[in-house]
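Fold and contact review
Each chain, letter by letter, is given below.
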Amino acid sequence: MSDNKQNQEHTEQTENKKNVGRRDVIKSLATVPVLGAFAYGVYKKKQYDRLLSNSITDEVGMSYEEPAATPPSDLSGKPLRVGLIGYGIRGKMLAKALGFAHPTMVDEWKEGAMSNKDDKRYEEFLQQENLGIQITAVCDIFNTYEKMCAEAGANVNREGTGGTMGPMPKIFKNYKELCASPDIDAIVIAAPDHWHGPMTIEAAKNSKHVYCEKPMTWTVEETYEVRKAVKESGITFQLGHQGRQTDSYQKAKEAIEKGVLGPINLVEVTTNRNTPNGAWVYPIHKDANPGTIDWEQFIGPAPWHEFSLERFFRWRCWWDYSTGLSGDLLTHEYDAINQIMNVGIPDSAMSTGGVYFYKDGRTVPDVLHTVFEFPKQDLSLVYSATLSSQHQRGKVVMGHDAWMELGQTLTINADVESTKYADKIKKGIIDPELPIYSYIPGRKNADAVTSATEKYFAGRGLLYTYRGGKRVDTTHLHMKEWVDCIRDGREPSCNIDQGFEEAITAHMGTLSYKHNKKVFWDAENEKIIV
Amino acid sequence: MLNPNQKLSNAQLAALLILRVVIGWHFLYEGITKLLNPNWTSVGYLMDSKGFFSGFYHSLAASPKLLPVIDALNEWGLVLIGVALIMGLFTHWAIYGGMLLLAMYYFSHPPFIGLTYALPSEGSYLFIDKVVIEFFAMWVLSLFPTGKIIGFDRLLVKTK
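Residues numbered from 1 in each chain as written. Chains lettered and ligands numbered in written order. Predicted model: local features only at pLDDT ≥ 70, side-chain atom pairs only at ≥ 80, totals over all residues. Heavy atoms only, no water.

Looking at an unreviewed UniProt entry, chain B carries the name DoxX subfamily, with the source organism given as Prolixibacter bellariivorans. Taken directly from UniProt, the Subcellular location (unreviewed entry) text for chain B runs: "Membrane". (UniProt positions renumbered as here; feature names shortened; annotations may be inferred.)

As named in an unreviewed UniProt entry, chain A is Oxidoreductase, taken from Prolixibacter bellariivorans.

1. Some details on the overall build of chain A
Per the secondary structure count, chain A includes 18 helices and 16 strands. The buried share of chain A, reckoned over its 530 residues, is 52%. Pairs at least 24 apart in sequence give 71% of the contacts found in chain A among residues at least 6 apart. Carbon together with sulfur atoms contributes 53% to the accessible area of chain A, which is approximately 24,000 Å² in total. (Helix = DSSP H or I, 4+ residues; strand = E, 2+ residues; numbered from the N terminus. Buried < 20%, exposed > 50% of the residue type's maximum accessible area, 1.4 Å probe, protein only. Contact = heavy atoms within 4.5 Å. Areas by Shrake-Rupley, 256 points an atom, 1.4 Å probe, with all protein chains shown as cover.)

2. Some details on the overall build of chain B
Check the secondary structure of chain B and you find seven helices and zero strands. Traced from its N-terminal end to its C-terminal end, chain B shows the element sequence α-α-α-α-α-α-α. Counting only C-alpha atoms and orienting by the principal axes, one finds that chain B spans roughly 50 × 35 × 25 Å. Here chain B holds 160 residues, and 48% of them are scored as buried. A total of about 8,100 Å² of accessible surface is found on chain B, and carbon and sulfur atoms cover 75% of it. Taking the average place of the 10 positive charges on the side chains of chain B and the average place of its 8 negative ones, the gap between the two points comes to 15 Å. (Lys, Arg positive; Asp, Glu negative; His and termini not counted. Charge placed at Lys NZ, Arg CZ, Asp CG, Glu CD.)

3. As for the environment of Gly 324 of chain A
Residues and elements named next belong to chain A. Its location among the elements puts Gly 324 in helix 14 (residues 324-341). Sequence separation of Gly 324 and Trp 280 is 44 residues, and the distance between their C-alpha atoms is 9.7 Å. Beyond its immediate stretch of four places on either side in the chain, Gly 324 contacts Trp 280, Arg 316, Trp 319 and Val 364.

4. Quick notes on the sheet that holds strand 1 (residues 80-85) of chain A
All names here are of chain A. Read across the open sheet, the six strands follow the order 3-2-1-4-5-6; overall the sheet is parallel. Taken across any chain shown, the strands that pair with only one partner, and hence form the sheet edges, are strand 3 (170-171) and strand 6 (237-239). As paired strands, strand 1 and strand 4 (residues 186-189) are joined by four bridges and run parallel to one another. Within strand 4, the position partnered with Gly 83 by the bridge is Ile 187. Against the sheet, helix 7 (residues 143-154) makes contact with strand 1, strand 2 (133-139) and strand 3, and its axis sits at roughly 170° relative to strand 2, the strand it touches most. (Pairing = 2+ DSSP bridges. Axes fitted to C-alpha atoms, helices over the stretch in contact; angles between N-to-C directions.)

5. Quick notes on a nonpolar patch on the surface
Residue and element names in this part refer to chain B. Taken together, the side chains of Phe 52, Phe 53, Phe 56, Leu 100, Met 104 and Phe 107 present a nonpolar region at the surface, about 640 Å² in accessible area. Per-element accounting of the nonpolar patch gives the leading share, three residues, to helix 5 (residues 91-108). Within the fold, Phe 107 resides in helix 5. (Patch = residues over 30% accessible without salt bridge, like charges linked within 9 Å, V, L, I, M, F, W, Y side chains within 5 Å. Salt bridge = Lys/Arg side-chain N within 4 Å of Asp/Glu carboxyl O.)

6. Side note on the UniProt feature "transmembrane region" (unreviewed entry) in chain B
Residue and element names in this part refer to chain B. In the numbering used here, UniProt assigns the feature "transmembrane region" (unreviewed entry) to residues 12-29, 76-95, 102-119 and 131-151. Annotation note: span residues 12-29, helix share 100%, strand share 0%, distance between end C-alpha atoms 26 Å. As a span, residues 102-119 carries 39% helix and 0% strand, and end to end its C-alpha atoms are 18 Å apart.

7. Here we look at the pattern of salt bridges
Where charged atoms of side chains with opposite charge meet at close range, the side chains can pair. All names here are of chain A. Applying the stated criterion to the full structure yields 30 salt bridges over all chains. Residues Asp 360 and Arg 362 are paired through a salt bridge, measuring 3.0 Å at the closest nitrogen-oxygen approach. A residue is classified by how much of its surface remains accessible, and Asp 360, at 40% relative accessible area, is partly exposed. For Arg 362, a relative accessible area of 6% translates into the label buried. Three or more residues are tied together by salt bridges with common partners; here these are Asp 193, Lys 214, Arg 316 and Asp 328.

8. Overview of the nonpolar core
Residue and element names in this part refer to chain A. Within the largest apolar cluster, 105 residues are counted, with the highest numbers of intra-cluster contacts made by Leu 98, Ile 340, Met 341, Val 397 and Met 404. Top contributing element to this core by residue count: helix 14, with eight residues. Mapped onto the domain boundaries, this core takes at least three residues apiece from domain 1 (80-244) and domain 2 (246-469 + 499-529). Non-local contacts of Met 404, meaning those with residues more than four positions away in its chain, are made with Ala 252, Ala 255, Ile 256, Leu 261, Ile 340, Lys 395, Val 396, Val 397, Leu 410, Thr 411 and Ile 412. Among the nonpolar cores identified, the runner-up in size contains 28 residues, and Ala 137, Val 230, Ile 496 and Ala 503 belong to it. (Core = buried A, V, L, I, M, F, W, Y, C linked by side-chain atoms within 4.5 Å. Domains from an automatic or database assignment.)

9. Some points on the domain arrangement of chain A
Residue and element names in this part refer to chain A. As assigned here, chain A comprises domain 1 (80-244) and domain 2 (246-469 + 499-529). Centre-to-centre separation of domain 1 and domain 2, based on C-alpha positions: 25 Å. On the side of domain 2, 47 residues touch domain 1, which itself brings 34 residues to the contact. Counting each side, the surface lost to burial between domain 1 and domain 2 is near 3,300 Å², with a carbon and sulfur contribution of 57%. (Buried area = accessible area lost by both parts, 1.4 Å probe.)

Pasting the structure below:
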């Protein structure tokens, strides 16, 4: 029977090609219904996805737009004249964020781009917005950095070695002289922690606007003095927590304000590093010696110690100049939470830890845990840090109805035992295993149902890095905000009040560690009680 | 190529036809989901590339000019190949185009020893993965022009 059919088929295939019969038409169109079935399938799938997405969107009530881009800086007036204090690791980054890099740094980025197409540092630096700034003064107590800082300030065309330089900024041997100079309007402070307070106070006394690296102060007493000096002078003050510009934090704030997470009783923030650099064992410059470093000025308000290259370059390892993990890294984490939850100063702090891995003579701990209590908000904030493991634990805000994980991306998952989402979880609309909201910076819009593939790639920093060719450094945005606020007379996001809360909170953690007991904040009298 | 004197049994023809249609369906749906997702881009996939040719794929991802072209070629390539395979129209071209795309996917994420990828795989593969299997299945299809028996290619041949 089948042989007959095959013969027939064969005859059809070999018969006169021009003779198109009914049978040919049917056989030509035989698979078209498959397309119909396909279209129906896609329609049903889309309908299901939309229902799911809409149900979650309605329930969560979050906006899906990116935060609006900041408008370009107003360059119509005179350039803002800036003085830079400190050109160490962070000082170089701040100068670059303002648009000024040392020519050798530009050379290095150019070479990097030539040998590696993925190296976008040069391209990004060239594309970085011009903030209308002129570096008129510099100060660094290490001769090599002092010279480099001045050359960076003169590199107005963002060129490499041999490029056309602008006028050289004036070099000051002492920060007080720089602060008093009539040729500057604003000062960027990137000195060690023990100098943040005195330098800010001196700048404020001279009516110079201040961008100061975190933490705001080294001692508790200075914290009140800095606040007083800044408020009385009316200068524009910005503390260097560039996390204020991270758009996923702004989305996190919205989620918390809208009650997406339900009651929140625990927030966990962490630091995990595992390199000598991450533990502040920074390289010692070959040109550094007592003849090239103004050691007395380095010591300043700190207890006297004989000249030490370790102490000069790795000052973060000693309480004599540093605020340890609390000031360097807890402050970033705390400021992120203060930014999104307005927690303010905690009622109490309790710290434990020790020098467990880096037994190199340092006095600050390399493992530290601090628990802050905010009883009025029914909230505990736990900070846990180690400098000898890179296991990433992230920032997690735990609510009764949902938990949120924060970083460059933001994801919110419903809690399996949530009251608010119980009905939708039961109906299968919400799956606690999958995010009910995820935000990926640079994506056109956030979505309730993000594909698994996108999440995997985004989580590993593989998405949207190069789209449109622009990735903006948050430090640049933070400094831009400061510059724009100086011009418009607005308050920057990490102003003196936020700075005061940051510094007091960090000091409470440090004092608790040093005294090995719980410390309290007397809000009425604004005093830390040890 | 199918020798005109060779005969395919009904079962053979049915099996080949189903293979062609299901591969077409797979291509079409992969293309349609990408077209319907305004956020879709091949960047993450390209950046995740490892192995001998990863430099090539990374350079595609890093080029703001080439990337939209790659994205569009991929999306529309998948859709057109899918439709062509289901309909049996220009079947040969669709098969060769499909094999080219599959080869590109394979060499961007080769399942070689020592290479791991951001996106976890749903199975276990060594040298041979489902992309390779689909590639060879399409090679088989290219040797049996079923479009000329069941499909629009039949009309094209007849009206030439």
